[in-house]
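# Examining the three-dimensional arrangement
Residue-level listing of the chains:
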There are 2 protein chains.
Amino acid sequence: MPQTQPHTGSAQAVRAVLDAALAEGRTALTAPEGKAIADAYGIPTPAEALAEACDDAVRIADRIGFPVAMKIVSPDILHKTDAGGVRIGLNSAAEVRGAFTSIVSNAKAYAPGARIDGVQVQQMVPAGTEVLVGTVTDPTFGKIVAFGLGGVLVEVIKDVTFRLAPATEDDALSMLDGIRAAEVLRGVRGGAAVDRAALADLVVRVSRLASDFPEIAEVDLNPVFASASGVMAADVRILLTAQAPPVRRKFTREQILASMRRLMEPSSIAVIGASNEQGKIGNSVMRNLIDGGFSGEIHPVNPKADDILGRKAYRSVTDVPGEPDVAVFAIPAKFVPAALEEVGRKGIPNAVLIPSGFAETGEQALQDEIVAIAEEHGVRMLGPNIYGYYATWQDLCATFCTPYDVKGGVALTSQSGGIGMAILGFARTTKTGVSAIVGLGNKSDLDEDDLLTWFGEDPHTECIAMHLEDLKDGRAFVEAARQTVPRKPVVVLKAGRTAAGARAAGSHTGALAGDDAVYDDILRQAGVIRAPGLNDMLEYARALPVLPAPKGDNVVVITGAGGSGVLLSDAIVDNGMRLMAIPDDLDAAFRRFIPPFGAAGNPVDITGGEPPSTYEKTIRLGLEDPRIHALVLGYWHTIVTPPMVFAELTARVVAELRERGIEKPVVASLAGDTEVEEACAYLFQHGVVAYPYTTERPVEVLGAKYRWAGAAGLLT
Amino acid sequence: MPQTQPHTGSAQAVRAVLDAALAEGRTALTAPEGKAIADAYGIPTPAEALAEACDDAVRIADRIGFPVAMKIVSPDILHKTDAGGVRIGLNSAAEVRGAFTSIVSNAKAYAPGARIDGVQVQQMVPAGTEVLVGTVTDPTFGKIVAFGLGGVLVEVIKDVTFRLAPATEDDALSMLDGIRAAEVLRGVRGGAAVDRAALADLVVRVSRLASDFPEIAEVDLNPVFASASGVMAADVRILLTAQAPPVRRKFTREQILASMRRLMEPSSIAVIGASNEQGKIGNSVMRNLIDGGFSGEIHPVNPKADDILGRKAYRSVTDVPGEPDVAVFAIPAKFVPAALEEVGRKGIPNAVLIPSGFAETGEQALQDEIVAIAEEHGVRMLGPNIYGYYATWQDLCATFCTPYDVKGGVALTSQSGGIGMAILGFARTTKTGVSAIVGLGNKSDLDEDDLLTWFGEDPHTECIAMHLEDLKDGRAFVEAARQTVPRKPVVVLKAGRTAAGARAAGSHTGALAGDDAVYDDILRQAGVIRAPGLNDMLEYARALPVLPAPKGDNVVVITGAGGSGVLLSDAIVDNGMRLMAIPDDLDAAFRRFIPPFGAAGNPVDITGGEPPSTYEKTIRLGLEDPRIHALVLGYWHTIVTPPMVFAELTARVVAELRERGIEKPVVASLAGDTEVEEACAYLFQHGVVAYPYTTERPVEVLGAKYRWAGAAGLLT
């Protein structure tokens, strides 16, 4: 593969073209300008030249060699085909002459007054599969590169995939495999496969071009013809922007961790607006802090009280002794700026802003004001407009909701208060082990990437699950996710998937880059597990810390109900996993334990009437055999093996193997009367992810763990 | 649109071609034979003729007019392109001459010894969108017709749709809209729309051809060129079969209803193998019948007992007094044939065969034996290998499981016993109102279409939900579904979706007709709601009878949590519904009830801190305004409006409107602490489908109701 980094001279050539166009106030480059840039970045395009008159065109065609294509060149005409400005397959001087005349007159008719620079005469591109390569500037993620098959049909089906620019060669190769029609590139029905290395190299070069020059808003190579012998872009369209992207305040990883540690593991908390009056938020927060058992200092601040809930109250946060780590605000919005000033002067690093009445109710100015105050004093803000936050391992409940104390491995965050309440109720009813629950609200400062950076380091947190409606800085999030994912799963529920349509755009790539498609691909590129819905996020959060990571792809189903086995197999394929092809010796080993009319293979169908020992022997075999990487169990309620008997034997075998150093993910679907609910709860507590009345849920959770294991590089 | 029914002469022409080919032992027709059949059925194809020698070819081309295409004609070469047997765009006599020579020599090299009949010289087809129209013979549904876009790309993406043959014009038009790339047919990027009527007519004609002639196994028109001016099939491939399809025993609707009524509403039941011994199936069945409160006669049959559980026992079913409606078998498989003989001779119309040990354990011969006995005596059989059946409104529990007595509107059936147990546990824990639960097991006789026919008539049943792994007779099922769907929703969980790959096939259509794609399209065509998983089926079964049918498409979200509103909107679009565009006057009406910073529009965001009256007023408005057809509520747990307060006010408003004759589906997502679970149960009992901790589930259920309402023709 050729070098992808252009030399300095090439970058200067691009710079010259861009500067000239911007100086003329143009944001659309002409085809010759596009070609000059493509040449500088090693992007293959057909030989061509600009003909200003008919005779030029014939001369150029003679030099390039017939057949040639011809296209109008005008800064005012973007859609050349629509303007009747394109002719192809011209085989003779006479045809070239005729084409020149008709192209120019068509263009004049289409856009009277357009500046016409001439007609480009171009080498005909060798046949191949039409693909599209482009870049756009995404409001969330900045420069992104797109790849898809070209042509009208794919535009309709939107079979296109996105990555952050610049893309690596691996990114680019993953894009070739990431479209639904990937098979076409590998050659179908006798067609030859395209040159994958050349195509990936093209994607890398285009992504680097966009990344190197902030003023390049969109690049559209459409179509690119890809064949076994290489790639060539038939059309290069480049759009510029004169606007510089907004600059966002940045913190180093160390700065983030330092303030987040004081937020999440505080020694001293001031509660501004603490109150003795029941029903007030400042009362709920105080009570929850005290009742939750927080062992650090709790300092109520209230100008009108001497003590609150038995603790000495201070007239102002300025009077609070020592160095509080966190100031929790439980006062109306209009009083926040003055109090925040005091917090800043006091040197308190974190402000937790519970009150609403800021941007979410239209009070953007008030929010801008507090952001400015916080920036001036170096205070990091959580909120405003939040329920507060929980840090269970600190017995810390700085919220106006009810306490939650089941310590465990999942950290949950939500942009919306309603979703935060759903998290709390779900966690309580399912006894989900939680390390933290954090409200993000308006995200005036602290957001998902700060929390991800912290939870990635937090030893109590084994999995992070986040509800979000937007990302303020998609690149910062991706960076934090990439640091975290190799160590722990990150689950994201991205709301607002269907609300925004495709944005108005000046290129094919832009039109294809709907918000959600971009989020989907780039979150996956970052190794994030995307939850399709709220309940999925909650179940992943509950189950992922319970399951050990799989070490390979071989999933085996062991079932007492043939019917469950079929549904479990469906779910395994639906969730991107594969049923292990059972080797003969393993098949024979399973058959020793099951009735003659049972079915080995995969699913292993032990049949319905079997005693506990059959479940036990087959599950032990499944755990012991090193070729098997994960077990999916299908239990069928019978008198011979009641639900709790199944649950206890399964938990026992799993524990036994764990003691012998063998850990594999085991999930179970329990079909039966209501006793299976208790059995599922027992199994969950003992490390087996189990659900009643569903064959889908346990497999979806296993699939989420597999997606993470793949992203974390754990699968061999 | 032209007449689609060919005249008798045309049918005779087809018959002659088929008979001649079959007489020669051929199952693949030649291109000229295919064209003859196409001509007879009014399927447009290019003008063409067979050239046996080079000079013929030139003569024919002169007559048709240049350019022409040429193709090898050989009964031994199916894939002409692969054999180098196709040339297109031939513009002169010289080109035709050269093409003839090379086609023949390529074909000889490709398939030495192949019979070569000559080369077909063909009118070049006018440009257009490439589509595929075909038919195959499906093992479940018989003759089906396929439509998709043509070309390599679509073959890879498998964008194709299926209907039963013969298809109506409406079916055919729905196929044009039923592919993902449907937009291409409507014209994209300045292209003209295709002639939809002509294309639909072609689909109808092809489907009728396949349907009229059982021996036509597959028809493949690929590509068909469709344009604004019409359609033309460039290639016609027809494959025959010499095998007649198996004939299945048929019953009339009246026969089915007569025996099903006696099965589901029996006056007298004999239990063969009834037992006093605890733990025996014959004991469980007796106890469940008695304890369940069945008010009809219960006659135990046991040669070794005088009485069983206080009822007089009979040595043989022959001795049972009166005319029992049902004989429940609780004896080992090997004793079933003899007992079934006696049941037959006694004239008992229904045998419920609980025992296993038949086809499912490899004992096919034993199963064939009982089928023969039953057929001889006109006994209908349920099972074997089942848990039995429940008919709650008869207080009838003829199973070895535990009784279930929550009477209600859903009838559930399952092919698998494990799934049956999951139905029972789920129903009990959610208090689902049930009319019947029926095990189908090996389906040696009674199957889904019999049950559907009955439940369609049963006044207690408002919704039918069926788990199935296969259909013995897909057409009988579709017929029963079509009769039932206009009156009640039919939900199907089809297991085994991913197990079977695409079958080996001799045509493009055949290769595209994977089992599941066909099931999916044809179940939809029949108006059946397909549940994606077990838990979905169970939730649909629980909720659909609770919800009134919507009368139009306008869905409005009213939410206390903006975050839930976003997720609910996502779910509405995901489930194929649409958020109503709120007219200005309605918007103003909502705004009167919500805070100034709340958002009207849709979702109507009443904001989080509102009192019960805000929920109440907005919900009442939503129900009262006749332009709104369904409500989706998003509740957020606050101290101001606790969960049960929300539940009670919602139930009260819904009831109040119901009394005024206004019924609309209302579903709710409750986000909050665990009290929301009780609130959801209360809402469900009062006709509002409500779920905690999920924004997806209530909307999925509403979506299922909408899909049914659409299929039943209830949406205006």
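Everything numeric in this text was worked out from a predicted model, so none of it was measured.

### Notes on the pattern of salt bridges
Counted under the stated rule, the structure contains 89 salt bridges over all chains. Connected via shared salt-bridge partners are Glu616, Arg620, Glu624, Arg652, Glu656 and Arg660 of chain A.

### Description of helix H20 (residues 584–591) of chain B
Residue and element names in this part refer to chain B. Listing the buried residues of H20 in full gives Leu586, Asp587, Ala589 and Phe590. Summarising the axial view, the buried residues of H20 lie within an arc of 160°, below the 170-degree limit, and thus occupy one face. Looking at the buried positions of H20, the neighbouring elements they touch are strand E25 (554–559), strand E27 (604–605) and helix H21 (612–624).

### Quick notes on the pairing of strand E15 (residues 326–329) of chain A
All names here are of chain A. Here E15 shows two buried faces, one formed by Val326 and Val328 and the other by Ala327 and Phe329. Taken together, the four bridges between strand E11 (residues 268–272) and E15 define a ladder with parallel strand orientation. The residue bridging alanine 270 from the neighbouring strand is alanine 327, located in E15. Bridging between E15 and strand E16 (residues 350–353) involves four bridges; their strand directions are parallel. Paired with valine 328 across the bridge in E16 is valine 352. For the crossover that starts at E15, traverses helix H11 (residues 336–346) and ends in the parallel E16, the hand is right-handed.

### A few points about the domain arrangement of chain A
Many authors give the size of an interface as the accessible area that is lost as the parts come together. All names here are of chain A. Each assigned domain of chain A is listed with its residue range as follows: domain 1 (8–123), domain 2 (129–240), domain 3 (252–385), domain 4 (404–545) and domain 5 (554–711). A C-alpha centroid distance of 30 Å is found between domain 4 and domain 5. Each partner contributes to the interface: domain 4 provides 15 residues, whereas domain 5 provides 11 residues. Between domain 4 and domain 5 the total buried area reaches about 1200 Å² when both faces are included, carbon and sulfur atoms providing 60% of it. The largest contributions to the domain 4 side of the interface with domain 5 come from Tyr540, Arg542 and Leu544, which together make up 35% of the buried area. Seen at the junction of domain 4 and domain 5, the total is one salt bridge. Across the salt bridge formed by arginine 697 and aspartate 536, the nearest N and O atoms sit 2.8 Å from each other. Summed over the shared surface of domain 4 and domain 5, the number is seven residue pairs in polar contact (both at pLDDT 80 or more). Elements with a minimum of two residues in the side of domain 4 that touches domain 5: strand E24 (529–530) and helix H18 (534–543). Per-element accounting of the side of domain 4 that touches domain 5 gives the leading share, six residues, to H18. Among the residues forming the side of domain 4 that touches domain 5, the class breakdown is seven nonpolar, two polar and six charged.

### Quick look at the interface of chain A and chain B
The partner chain B presents 66 residues to the 65 residues of chain A that form the contact. Between chain A and chain B the total buried area reaches about 5100 Å² when both faces are included, carbon and sulfur atoms providing 64% of it. Scanning the region where chain A abuts chain B turns up two salt bridges. For arginine 428 of chain A, the salt bridge identified is with aspartate 673 of chain B, shortest N-O distance 2.8 Å. Applying the counting criterion to the chain A and chain B interface returns 17 residue pairs in polar contact (both at pLDDT 80 or more). Only helix H5 (152–157), helix H7 (182–185), helix H13 (417–430), strand E23 (490–494), H18 and helix H19 (562–574) of chain A provide two or more residues apiece to the side of chain A that touches chain B. Of the residues forming the side of chain A that touches chain B, the biggest block, 10 residues, is contributed by H13 of chain A. Along the lines of polarity and charge, the residues of the side of chain A that touches chain B split into 27 nonpolar, 22 polar and 16 charged.

### Here we look at unusual backbone geometry
Phi is mostly negative for residues that are not glycine, and the peptide bonds are mostly trans. The step from alanine 165 of chain A to proline 166 of chain A runs through a cis peptide bond, and the omega angle for that step is 0°. Mapped onto the elements of the fold, proline 166 of chain A is located in the loop between strand E7 (160–164) and helix H6 (169–178). Even without being glycine, lysine 158 of chain A reaches a positive phi, approximately 55°. Relative to the helices and strands, lysine 158 of chain A resides in the loop between H5 and E7. One non-glycine residue, lysine 443 of chain B, lies in positive phi territory at about 50°. Among the residues examined, lysine 443 of chain B registers a relative accessible area of 3% and is labelled buried.

### Regarding the packing of aromatic side chains
Tallied over the entire structure, the rule returns 14 aromatic pairs over all chains. Both rings, one in tyrosine 615 of chain B and one in phenylalanine 646 of chain B, keep their centres 5.1 Å apart while their planes meet at 65°; by these two values the pair is edge-to-face. Of the two residues, tyrosine 615 of chain B is situated in helix H21 and phenylalanine 646 of chain B in helix H22 (residues 643–659); the sequence distance between them amounts to 31 residues. There is no split in this pair, since tyrosine 615 of chain B and phenylalanine 646 of chain B are both buried. Site record: aromatic cluster; members linked through ring pairs are Tyr615, Tyr635 and Phe646 of chain A. Just above the ring of phenylalanine 251 of chain A sits the side chain of arginine 380 of chain A; from NZ or CZ to the centre is 3.8 Å. We note arginine 542 of chain B situated over the ring of phenylalanine 684 of chain B; from NZ or CZ to the ring centre the distance is 3.6 Å.

### Some remarks on the sheet that holds strand E12 (residues 297–301) of chain A
All names here are of chain A. Sheet architecture is open: five strands sit in the order E12-E11-E15-E16-E17, paired in parallel fashion. Two strands in the sheet have a free side with no partner beyond their single neighbour: E12 and strand E17 (380–382). With strand direction ignored, the average angle separating the axes of adjacent strands in the sheet is 20°.

### Here we look at the environment of glycine 293 of chain A
Residues and elements named next belong to chain A. Mapped onto the fold, glycine 293 is located in the loop between helix H10 (281–291) and E12. Looking at glycine 293, the relative accessible area reads 36%, which means it is partly exposed. Taking C-alpha positions, glycine 293 is 9.9 Å from threonine 392, a pair spaced 99 residues apart along the chain.

### Side note on the relation of the copies chain A and chain B
For the pair chain A and chain B, the superposition axis carries a translation of 0.1 Å, the fit reaches an RMSD of 0.1 Å, and the rotation angle comes to 180°. The symmetry that links the two subunits is that of a two-fold axis. No C-alpha of chain A lies nearer the rotation axis than that of leucine 153 of chain A, which sits 4.3 Å from it.

### A word on the UniProt feature "domain: ATP-grasp" (unreviewed entry) in chain A
According to UniProt, the "domain: ATP-grasp" (unreviewed entry) feature falls on residues 35–230 of chain A. The span residues 35–230 of chain A shows a helical share of 37% and a strand share of 29%, and its end C-alpha atoms are spaced 18 Å apart.

### Looking at the side chain of arginine 26 of chain A
Locating arginine 26 of chain A in the fold gives a position in the loop between helix H1 (8–23) and helix H2 (31–40). Look at arginine 26 of chain A and you get buried, because its relative accessible area is 12%.

### Describing the confidence of the model for chain A
Predicted coordinates in areas of low pLDDT are best not read in detail. All names here are of chain A. Per-residue pLDDT for chain A has a mean of 92; in total, 97% of the residues score no lower than 70. In this model residues 500–505 is a low-confidence stretch, pLDDT under 50, and it forms 13 contacts with partners more than four residues away in sequence or in other chains. Reported confidences for the modelled complex are a pTM of 0.91 and an ipTM of 0.90.

### Here's the deal with the pairing of strand E25 (residues 554–559) of chain A
Side-chain direction in a regular strand flips from residue to residue, so the side chains alternate between the two faces of the sheet. All names here are of chain A. Burial within E25 is extensive, with six of its six residues counted as buried. Of the two faces of E25, the one lined by Asn554, Val556 and Ile558 and the one lined by Val555, Val557 and Thr559 are each fully buried. Pairing analysis gives two bridges linking E25 to strand E26 (residues 578–579), with the strands arranged parallel. For asparagine 554, the partnering residue across the bridge sits in E26 and is arginine 578. The handedness of the E25 to E26 crossover, carried by H19, is right-handed. Relative to strand E28 (residues 630–636), E25 runs parallel, the two sharing five bridges. Residue pairing across strands places valine 555 opposite alanine 630, the latter belonging to E28. With two bridges joining them, E25 and strand E27 (residues 604–605) adopt parallel strand pairing. Paired with threonine 559 across the bridge in E27 is aspartate 605.

Conventions and cut-offs
By convention here, each chain's residues receive numbers from 1 onward along its written sequence. As a convention, the first chain written is A and the first ligand written is 1, with the rest following in written order. Local features in a predicted model are, by the rule used here, given only for residues with pLDDT of at least 70; side-chain atom pairs are given and counted only at 80 or more, and totals for whole chains, interfaces and linings are based on all residues. As a rule here, side-chain values cover all heavy atoms of the structure and leave hydrogens and water aside. Salt bridges are defined as contacts in which a side-chain nitrogen from Lys or Arg sits within 4 Å of a carboxyl oxygen from Asp or Glu. The buried label applies to any residue whose accessible area, calculated with a 1.4 Å probe on protein chains only, is under 20% of its type's maximum; exposed applies above 50%, and partly exposed to all values in between. Here a helix means four or more residues in a row that DSSP labels H or I, a strand means two or more in a row labelled E, and each is numbered from the N terminus. Relevant arc is that of directions from the helix axis to the C-beta atoms, nothing else. Contact between two residues is taken to exist if any of their heavy atoms lie within 4.5 Å; hydrogens are not considered. When DSSP finds two or more bridges between two strands, those strands count as paired. By definition, the crossover connecting two strands over a helix is right-handed if that path, from the first strand to the second, turns clockwise as seen with the strands pointing away from the viewer. In this entry, domain limits derive from an automatic or database-based domain assignment. Two parts placed together each lose some accessible area under a 1.4 Å probe, and the buried area is that loss summed for both. We define a polar contact as two N or O atoms separated by no more than 3.5 Å, with the added condition that, inside protein, one atom must be a possible hydrogen donor and the other a possible acceptor, whereas residues neighbouring each other in sequence contribute only through side-chain atom pairs. Three classes are used, and their members are as follows: Ala, Val, Leu, Ile, Met, Phe, Trp, Tyr, Cys and Pro are nonpolar, Asp, Glu, Lys and Arg are charged, and the others, Gly among them, are polar. Here a pair means two rings of Phe, Tyr or Trp (six-membered ring of Trp) with centres within 6.5 Å. Their orientation is stacked below 30 degrees between planes, edge-to-face above 60, and tilted elsewhere. Working rule: Lys NZ or Arg CZ, within 6 Å of ring centre, within 35 degrees of ring normal, means a charge sits over the ring. With axes taken as lines fitted to C-alpha atoms, and helix axes fitted only over the stretch in contact, angles between N-to-C directions fall between 0 and 180 degrees. A least-squares superposition brings the copies together, and it is based on the C-alpha atoms of residues with pLDDT no lower than 70 in both. UniProt positions are given in the numbering used here, feature names are shortened, and annotations may be inferred rather than shown by experiment. What pLDDT conveys is the predictor's confidence in a given residue, as a value from 0 to 100.

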